[in-house]
Amino acid sequence: MKIVMLPALCLWLVSAVSGLAQQTPQSLADAELPSLLTIYKDLHSHPELSTKEQRSAEIVAKELRATGCDVTENFGKYDKSGSKCYGVVGVMKNGAGATVLVRTEMDALPVQEQTGALYASKITMTAVDGKQVPVMHACGHDIHMAALIGTARLLSRLKDSWHGTIIFIGQPAEEAVGGAYAMLNAGLYDRFGKPDYALALHDDAEIEAGKIGISEGYTQANVDSVDVTVKGIGGHGAYPHKVKDPIVLSAEIINAWQTIASRENNPLDPVVVTVGSILGGTKHNIIPDEVKMQLTVRTYKPEVRRRVLAAIDRIAKGCATAAGLPPDKMPEVNVLKGEALNATYNNPELTKRVTAALKSAIGDKNVIHKDPIMAADDFSDFSLPDHSVPACMFHVGAVDPANAAESKKTGASLPSLHSSKFLPVPEPTLRTAVIGMSSAVVDLTKK
Ligand SMILES: [Zn+2]
Ligand SMILES: [Zn+2]
């Protein structure tokens, strides 16, 4: 009997020990991957525009609930639009300890998908202006949602390794701006507690799948949208001496604005002033009464932001004065409050910790430096304006390594985020995202 039992006992021991050994983010991610890929492909085929993320939010909520999270749906309040807010909050409790917020965006873009994928989107939706538009997950928020679900599944299985509280956030309206604010505006931190750390990931259209890019300090910019109306005194195009031409004046103002970055600013502080739209006049031979412009202004530091916005106003009015316009015809410069975004600041201490955790999870050589960019993300809102919630966003490579190598060799550019041809390589991207985020959270809350 003993002789018969011994091998059985040994077998049980071996499987128990190997079962324990398997409880790592890597092996758990491998086990979850088939199911996560199914969820990802379903989300990719069913993208939803900003503020209309009902189906995606329901999936995120259902999957978080299945991992044992206490889930609150439809959380958030938009300032103006009056739309229902589809914010999802899933709280996973595991005793006393640090609170970590992990965020995914849920919205897609008005883009006609041209990836040729079997699971490509054929969806159209009604946009804010009433037009029917094609919709696509062209920024990879579908990967982010699947990664959040995967992270929750892993953390629910790794409860022996960490303690504390994880707040999973399904955030609507990142592309349209305002989703993070809507959730904070509805009292996110009053109701669920102010986190000790906030983490997010974004897929990356230049880094090869299997790698993660990260850097400390400012990584994404403040964004301000500015409307400018340049006034003139219109008249016949043949009699310039009888008018004040707002088109020539606008041209001068645009050139003078470019001296803000080159002549007024410390060259070590990034500044972008882009005039993205200029509209004036109706016909060849009429000098109009006004020209309207729309600007996007990008900066990092708050003091640089204030100075650049003040310079835009000062230069516009100074040029108008030099052109001889009277005080009642000064340009109107309007910084749009509802469209401003704060810079993303990767807290250096937290980022060092996250980088170390990522390196031990996916290997030193797979964690690389990612240069900061002048794009923006309202993930910064979760850090609060005073950055009192240390935050860190890292970038998960989504490019087929063969394509990345080819692009390096030939210089041909790869489809960027928001391109109709951008498609992450699903499996390695999602696997790296899930392992990376789970390992970072476990490190911040480890026993
Ligand atoms: Zn985007
Ligand atoms: Zn995005």
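Our subject is the structure that appears above.
Overview of the structure. (Residues numbered from 1 in each chain as written. Chains lettered and ligands numbered in written order. Predicted model: local features only at pLDDT ≥ 70, side-chain atom pairs only at ≥ 80, totals over all residues. Heavy atoms only, no water.)

### Considerations on the coordination of the zinc ion (ligand 1)
Okay, step 1: Protein-derived coordination of the zinc ion (ligand 1) comes from Cys139 (SG), Glu175 (OE), Glu175 (OE) and His418 (NE2), at a distance range of 2.0 to 2.7 Å.
Okay, step 2: Classification of the site at the zinc ion (ligand 1) rests on its four donor atoms, whose angles at the metal span 52 to 149°, yielding the label irregular.
Okay, step 3: Between consecutive donor residues of the zinc ion (ligand 1), the sequence gaps follow C-x35-E-x242-H.
Okay, step 4: Taken as a pair, the zinc ion (ligand 1) and the zinc ion (ligand 2) lie 3.1 Å from each other and share Cys139 as a ligand. Of this pair, Cys139 sits in the loop between β5 (132-134) and α4 (141-157) while His418 sits in the loop between α10 (401-410) and α11 (426-444), placing them 279 residues apart in sequence.
Okay, step 5: For Cys139, a relative accessible area of 7% corresponds to the buried category.
Okay, step 6: The exposure class assigned to His418 is partly exposed, which follows from its relative accessible area of 38%. (Donors = N, O, S within 2.8 Å, 3.2 Å for Na, K, Ca; no water. Tetrahedral: all angles 85-135°; square planar, octahedral: opposite > 155°, others 65-115°. Helix = DSSP H or I, 4+ residues; strand = E, 2+ residues; numbered from the N terminus. Buried < 20%, exposed > 50% of the residue type's maximum accessible area, 1.4 Å probe, protein only.)

### With respect to the packing of aromatic side chains
Aromatic ring pairs are described here by two measures, namely the spacing of the ring centres and the angle between the planes.
Okay, step 1: Using the criterion set out here, one finds five aromatic pairs in the structure.
Okay, step 2: By way of ring pairs, the aromatic residues Tyr218, Tyr300 and Tyr345 are connected into one cluster. (Phe/Tyr/Trp six-rings, centres within 6.5 Å; stacked < 30°, edge-to-face > 60°.)

### Remarks on the pattern of salt bridges
Okay, step 1: Taken as a whole and judged by the stated rule, the model has 21 salt bridges.
Okay, step 2: For Asp224, the salt bridge is made with Arg305, and the minimal N-O distance between the two is 2.8 Å. Within this pair, whereas Asp224 is found in strand β10 (residues 222-231), its partner Arg305 is found in helix α8 (residues 302-322), the two being separated by 81 residues in sequence. The residues Asp224 and Arg305 share a single accessibility class, namely buried.
Okay, step 3: Lys317 serves as the salt-bridge partner of Asp313, at 3.1 Å between the closest nitrogen and oxygen. With Asp313 and Lys317 both in helix α8, this residue pair falls four residues apart, about one helical turn.
Okay, step 4: Given a relative accessible area of 23%, Asp313 falls into the partly exposed group. (Salt bridge = Lys/Arg side-chain N within 4 Å of Asp/Glu carboxyl O.)

### Overview of helix α2 (residues 25-45)
Okay, step 1: The largest bend in α2 is about 50°, located at Leu33, with the proline Pro34 one to four residues further on.
Okay, step 2: Burial in α2 covers these residues: Pro25, Leu28, Ala29, Glu32, Leu33, Leu36, Leu37, Ile39, Tyr40, Leu43, His44 and Ser45.
Okay, step 3: Those residues of α2 that are buried are in contact with α3 (54-66), α4 and α11. (Bend = angle between axes of the 7 residues up to and from the residue. Contact = heavy atoms within 4.5 Å.)

### So, the nonpolar core
Okay, step 1: Grouped together as the largest cluster of nonpolar side chains are 61 residues, with contacts concentrated most on Leu64, Ile166, Phe168, Leu199, Val354, Phe394 and Leu430.
Okay, step 2: In this structure, Val354 is in contact with Leu199, Ile214, Cys392, Phe394 and Ala440, ignoring residues within four places of it in sequence.
Okay, step 3: In terms of nonpolar packing, the next biggest core, distinct from the first, is built from 25 residues, Val228, Val273, Leu295 and Ile312 among them. (Core = buried A, V, L, I, M, F, W, Y, C linked by side-chain atoms within 4.5 Å.)

### Some remarks on the pairing of strand β7 (residues 197-208)
Okay, step 1: Counting buried residues along β7, ten of its twelve residues qualify, which places the element largely inside the surrounding structure.
Okay, step 2: Across four bridges, strand β3 (residues 99-105) lies against β7 in parallel orientation. Along β7, the bridge assignment pairs Val100 with Tyr197.
Okay, step 3: Alignment of β7 against strand β18 (residues 391-399), held across eight bridges, turns out to be parallel. Its bridge partner being in β18, Glu208 is matched across the sheet by Val399. (Pairing = 2+ DSSP bridges.)

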